[in-house]
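Below, each chain spelled out in residue letters.
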Amino acid sequence: MSNPVTFVQFPSTGDAINAVADRSVDAGCMVDLDGFGVPLPEGVVVDVIGLEPVVVILPAGHPRAGQDRVGLADLADACAPAGFAPPGCHPSGSVT
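Criteria and cut-off values
- Residues numbered from 1 in each chain as written.
- Predicted model: local features only at pLDDT ≥ 70, side-chain atom pairs only at ≥ 80, totals over all residues.
- Heavy atoms only, no water.
- Helix = DSSP H or I, 4+ residues; strand = E, 2+ residues; numbered from the N terminus.
- Buried < 20%, exposed > 50% of the residue type's maximum accessible area, 1.4 Å probe, protein only.
- Contact = heavy atoms within 4.5 Å.
- Areas by Shrake-Rupley, 256 points an atom, 1.4 Å probe, with all protein chains shown as cover.
- Arc of directions from axis to C-beta.
- pLDDT = per-residue confidence, 0-100.

Looking only at helices and strands, the protein chain features two helices and zero strands. In the protein chain, which comprises 96 residues, the proportion classed as buried is 11%. Of the contacts formed within the protein chain by residues at least 6 apart in sequence, a portion of 7% connects residues at least 24 apart. Total accessible area on the protein chain stands at roughly 8,500 Å², and carbon and sulfur atoms take up 56% of it.

So, in structure tokens, the structure goes:
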């Protein structure tokens with residue numbers, strides 16, 4: 001007896017979590033967990049099964065280029081114009 005696997009792409013993590021919660025799918029596997037840390041519906045568990053390396057690509061003249069490690073907060077000013085704000089980093093003058 002075969003047990004076919006069907007892959008479904010959901011538009012968001014929340015949609016995938018809801019599909020598992022309502023049992024319209026048996027399981028979900030995500031690379032990006034955009035809702036990580038949000039309360040899960042009853043009966044749904046999230047387990048991290050692997051970690052992807054995250055890299056930054058910088059021009060040779062960038063002040064952080066060549067460093068072994070670069071923290072997200074170190075790049076906040078450079079990334080803000082693109083709309084990226086690392087967790088815990090806020091534009092100056094903002095209060096949350």
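This next bit is on helix α1 (residues 13-21). If you check which residues of α1 are buried, you get T13, A16, I17 and A19. In an axial view of α1, the angular spread of the buried residues amounts to 160°, which keeps them on one side of the axis. R23, located one to two residues past α1, shows a positive phi value of around 65°.

When you line up the elements, C29 lands in the loop between α1 and α2 (76-79). Under the relative-accessibility criterion, C29 is labelled exposed at 70%. Along the backbone, C29 and A16 are 13 residues apart, and their C-alpha atoms lie at a distance of 8.7 Å.

The predicted model of the protein chain has a mean per-residue pLDDT of 75, with 71% of residues at 70 or higher. With pLDDT under 50 throughout, residues 89-96 is counted as low confidence; its partners more than four residues away or in other chains account for three contacts.

To continue, consider the environment of G28. Relative to the helices and strands, G28 is located in the loop between α1 and α2. Considering only alpha carbons, one finds G28 and Q9, 19 residues apart in sequence, at a separation of 9.7 Å.

Let us look at unusual backbone geometry. Here R23, not a glycine, exhibits a phi torsion of approximately 65°, which is positive. Look at R23 and you get exposed, because its relative accessible area is 69%.

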